[in-house]
Each structure stands twice: as structure tokens, then as C-alpha cells.
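The residues making up each chain are set out below.
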Amino acid sequence: MPLNHNRLTDILKKDSEINFIAFCTTPWHAISTCAALKKLQSGGEKLKGIILADKGDIGNPAPLIEKSVFSSLGGIDYKTDYFSGVEFPKGKIKNLKRRLKTFSVFMRRSKGGRKIFVLHPMSVNVIFAAEIKKNLPNAKVISVITDEGLGSYMRSDFNWAIEIKNVSGSSAAFFRALIDKPIGRFYKRVSAEREELLDCRLLKEKNSGFAENGEMTEFYKNAAENETLNPADYRRYEGAVIISAQLYYETGQIKNNADLALYSEIAAALKSEGKTVILKPHPRDKNLSRYEGLGCFVEKNNTAAQESIFNCLDKKPAAVIAFTSTGLITAKIFGGVRGISANRLLPAESVSNSLKNEFANFERAFSDMVFLPADIKSLVNSVKNTET
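Here we come to the nonpolar core. Counting residues in each nonpolar core, the largest one holds 94 residues, and the members touching the most others are Leu-203 and Phe-366. A per-element tally of this core places helix H2 (residues 27–42) first, with 8 residues. If we ignore the near neighbours within four places in the chain, the residues touching Phe-366 are Leu-150, Tyr-153, Met-154, Leu-203, Phe-210 and Ile-329. Formed by 25 residues, the second largest nonpolar core is a distinct cluster that contains Phe-23, Val-105, Val-118 and Leu-197.

Assignment of secondary structure puts Gln-246 in the loop between strand S9 (241–244) and helix H9 (258–271). Within polar-contact distance, the side chain of Gln-246 engages the backbone nitrogen of Phe-323 at 3.1 Å. At a separation of 2.8 Å, a polar atom in the side chain of Gln-246 contacts the main-chain amide nitrogen of Thr-324. Here Gln-246 is in contact with Tyr-263, His-282, Tyr-291, Ala-322, Phe-323, Thr-324 and Ser-325, once residues within four sequence places are set aside.

All right, on to the packing of aromatic side chains then. Tallying each qualifying case throughout the model produces 19 aromatic pairs. Of the aromatic side chains, those joined through ring pairs into one cluster are Phe-103, Phe-106, Phe-186 and Tyr-187. Taking the ring centre of Phe-106 as reference, the NZ or CZ of Lys-133 above it sits at 4.7 Å. Directly above the ring of Phe-371 sits Arg-338, whose terminal nitrogen or CZ lies 5.5 Å from the centroid.

Turning to the sheet that holds strand S11 (residues 297–298), a few remarks are in order. One open sheet accounts for 5 strands, arranged S11-S10-S9-S12-S13; its pairing is parallel. The open sheet terminates on both sides in strands that have one partner only, identified here as S11 and strand S13 (338–341). Where S9 and strand S10 (residues 277–280) come together, 4 bridges link them in parallel fashion. Within S10, the residue paired with Ile-242 across the bridge is Ile-278. Where helix H13 (residues 376–385) meets the sheet, its contacts fall on S9, strand S12 (319–322) and S13, and the angle it forms with S13 comes to roughly 175 degrees.

This part covers the environment of Ser-16. On the secondary structure map, Ser-16 appears in the loop between helix H1 (5–14) and strand S1 (20–24). The class for Ser-16 is exposed, based on a relative accessible area of 56%. A C-alpha to C-alpha distance of 18 Å links Ser-16 and Leu-3, two positions 13 residues apart in sequence.

What follows covers unusual backbone geometry. In terms of backbone geometry, most residues other than glycine have negative phi values and most peptide bonds are trans. Although it is not a glycine, Glu-195 sits at a positive phi angle of roughly 60 degrees. Relative to the helices and strands, Glu-195 is located in the loop between helix H7 (171–193) and strand S6 (197–199). The exposure class assigned to Glu-195 is exposed, which follows from its relative accessible area of 66%. Despite not being glycine, Asn-257 shows a phi value in the positive range, around 55 degrees. Mapping Asn-257 onto the fold places it in the loop between S9 and H9. A residue is classified by how much of its surface remains accessible, and Asn-257, at 31% relative accessible area, is partly exposed.

Looking now at H9. The terminal C-alpha atoms of H9 lie 20 Å apart, and with 14 residues this matches the ideal 20 Å at 1.5 Å per residue to within 8%. For H9, the secondary structure elements touched by its buried residues are S9, S10, S12 and H13.

Alignment of S1 against strand S4 (residues 114–121), held across 3 bridges, turns out to be parallel. Residue pairing in the sheet places Ile-21 in a bridge with Val-118 of S4. With 8 bridges joining them, S4 and strand S5 (residues 139–146) adopt parallel strand pairing. Residue pairing across strands places Val-118 opposite Ser-143, the latter belonging to S5. Following the backbone out of S4, through helix H4 (residues 126–135) and into the adjacent parallel S5, one traces a crossover that is right-handed.

The strands making up a sheet are joined through hydrogen bonds of the backbone, oriented either antiparallel or parallel. Within the open sheet, the 6 strands sit side by side as S3-S2-S1-S4-S5-S6. Their pairing is parallel. The sheet is open, and its two borders are formed by strand S3 (77–83) and S6, each paired with just one other strand. Within the sheet, the average angular offset between the axes of one strand and its neighbour, ignoring direction, is 20 degrees. Where H2 meets the sheet, its contacts fall on S1, strand S2 (48–54), S4, S5 and S6, and the angle it forms with S1 comes to roughly 155 degrees.

Looking at the element boundaries, Asn-343 is found in the loop between S13 and helix H12 (353–366). Looking at Asn-343, its side chain comes within polar contact range of the side chain of Ser-341, at 3.1 Å. Not counting chain neighbours up to four residues away, the residues in contact with Asn-343 comprise Phe-323, Thr-324, Phe-359, Phe-362 and Leu-372.

Counted under the stated rule, the structure contains 0 disulfides. Between Cys-312, a free cysteine, and Cys-34, which holds the nearest cysteine sulfur, the sulfur-to-sulfur gap is 17 Å. The exposure class assigned to Cys-312 is buried, which follows from its relative accessible area of 16%.

The full count for this structure, using the stated rule, is 15 salt bridges. Note that Arg-185 and Asp-157 form a salt bridge whose closest N and O atoms lie 2.9 Å from each other. Residue Arg-185 is found in helix H7, and its partner Asp-157 is found in helix H6 (residues 157–168); the two are separated by 28 residues along the sequence. We classify Asp-157 as partly exposed; its relative accessible area is 22%.

Calculation rules
Residues numbered from 1 in each chain as written. Predicted model: local features only at pLDDT ≥ 70, side-chain atom pairs only at ≥ 80, totals over all residues. Heavy atoms only, no water. Core = buried A, V, L, I, M, F, W, Y, C linked by side-chain atoms within 4.5 Å. Buried < 20%, exposed > 50% of the residue type's maximum accessible area, 1.4 Å probe, protein only. Helix = DSSP H or I, 4+ residues; strand = E, 2+ residues; numbered from the N terminus. Contact = heavy atoms within 4.5 Å. Polar contact = N/O pair within 3.5 Å; in protein donor to acceptor, adjacent residues only side chain to side chain. Phe/Tyr/Trp six-rings, centres within 6.5 Å; stacked < 30°, edge-to-face > 60°. Lys NZ or Arg CZ within 6 Å of the ring centre and 35° of its normal. Pairing = 2+ DSSP bridges. Axes fitted to C-alpha atoms, helices over the stretch in contact; angles between N-to-C directions. Expected span 1.5 Å × (residues − 1). Right-handed = clockwise from strand over helix to strand, strands pointing away. Disulfide = S-S within 2.5 Å. Salt bridge = Lys/Arg side-chain N within 4 Å of Asp/Glu carboxyl O.

From the geometry alone we can't say anything about function, so treat these as descriptive.
Below you can see the structure in the form of C-alpha cells.
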């Protein structure tokens, strides 16, 4: 049975040696979790805890995360399990009461010395942190921010709420996300002031954009390097161009199958230059039949992180092409592989206004880290230049 917050706090009560709970959903979350835990271990923490994924994500059926991704966690006592999610009360009054109670409990200052690290992508897991404080008043809860992906760096609050609505199909989730983003920044600031926050994300703010978080880069690299993959399964990636697909069509932000038309055009142009082209779907993408007929190889096994695949190769791919994928940045940081954003190559009439705004934010934040071609010819030339 998947664990919920109540069962987790019961486990923490019964086993005083457990000092971390980590939440993750995607392969990238898993790598970030490993990096953060190894960072804590390097600081002298003796770690024992639970790594949680959404039900069905670790193991079968159709996992998003393979257990092998955690093979870098030598010396850390952990087990993997499932998380049932957070149930929100029905009704505005009940929700407001819960928020006020959570705020009241979270704002209590820690009294004791038992440290409990709560690892969570992008934000402080306020609800669970408050549950721990309520049930274990002598614990010192330390929030560890792991990496969500590029969306967390470039999206406005409104665009993030749109993403939540598109994924969940819920208007209530949209308004909840719109409220939670600024509140989340407040909780993060309070945690930092109390020295109860560790930021273990891959990037950090620099001027008007972002740069590597130098304290974390090696931990991320090591986490990706230690995932045990069979290199023979990925030989076709060597020297190839990888198209890293995203879910913008499924969320309605790209229309008229414009992404497919662009992928097909890119694949044809690169194949005419003798390049092997591989399309790697997003880990959450279940409609892989959509990519049939593109004229390139489609990776059907999307449980392995791109970063781990690249690491197991003798020869790195020539380039990664995507719109705003995290893989554009990690390809460069981890393996020196060129990242190419295809944002400017989509027809404007097929891109929603919210996505146009997101593309603009991406360019402002990451134009120093990725190449943004104005046409297919420039894209092909950029790939060819990586060989010289």
C-alpha cells in the first residue's frame, strides 16, 4: 500500500534512526535526489531513509523510474516505496482552515536536535514538514530543494499554474498553484533565515540568467555516471543527434501537430547529411505511436535518464535538440554535448501565448548555454560544426 503523510510520520516515530524522506517522480528527480543525498553524506551525515515515487513509478508496470538509478547511493541506508499523494479537503472553507493550520505549525521553531531532511523538487514540502513538526515536536526539519527541471527556473507563476492545469485537467489545481507559488517563496525564505534550507539544484541565479551551481555539479555527474545501464542497448546513440520530445502538444500549447512536422523536417535534413537521428520521448509520454512515420528511430524505453545514457557511451552524441528540455543544459554540463533549442523554428500561429512567454523566458535565462537557430539550415550547420 502506498505511503501517505500519516504513515510516514508513524514510521519516523517508530524508527529514530531515519533522518530523510525524499520525494521524486521522474528520472531527473531521481538523479537530483541522489546528488543531494551524496552532498549531505559528504558533509558527514549518516543517512537512513525512504525514497518515494508516485505509485507505479518504481518497478512495474510501466515505471518512470528504475531502481538502478539509485545505484550511486553507496553507504546510504535507504529503501524505495510509493507515495499516495496529497488529498486536499473539499470546499473552500476546509481548504482555508487546512492552510492556516499548516502555516501555524510550520512557523513553529524547531526545539530539538534530531535532524530530518525532507527532499522535494523545486519547493519546500510545507505540508509534510508541518506534519513532522506536529507529530515530532523535538525534530529539526531541514528542507532540501532538489531539481525539478528547467521549467522551475524560467516559468512565471501564471505559466506554472497553466502547466498544472494542463496536466491535471483541474481548474481548482490552477488556482491552487497560482496561490501556492508566492506562498512557497515565503516558506523558502523563512526556512533559509532559520538555517533549515539546503538548495541542491543544478543551477543558480547569475545576473539575469543562470549558471552551474558549482557545489552540486560533480554530485549530479556522479549520480548519472553510477546508474547501471547496458551500453549495448544504447550504441545507436553514439555520434547521433537526439531529439528530446516534450509534452507541449499534449498540454495544448503546441497546435496542429506542429512539433511533429518540425521533428520530421529536422530528421530529414540531418539524415541527408548522413546523421543518425533518435527521438527520445518525455518520460511521462504514453502515446508513443504519435511519433511513428517521422523517419527516425523512436526510443520506446524511456525509463533511463538521458544523462545516464550519455555517460555509458564510448562516443557522445553529436547534439541534443529540444525546445526547453532540461537535457539541453545537462548535455553540455555533463558531457560537453551541444544543446540546440528549436523554439524559433515553430510557426508562431501554432504556439499558444503562454508558451511564447515561456520561450521568451527560456531565451533570457539560457541563451548563453544553448544555441537557438533561426532556421533549419543553421541548425544543421551547428551540428556539422560539432564534428570539426
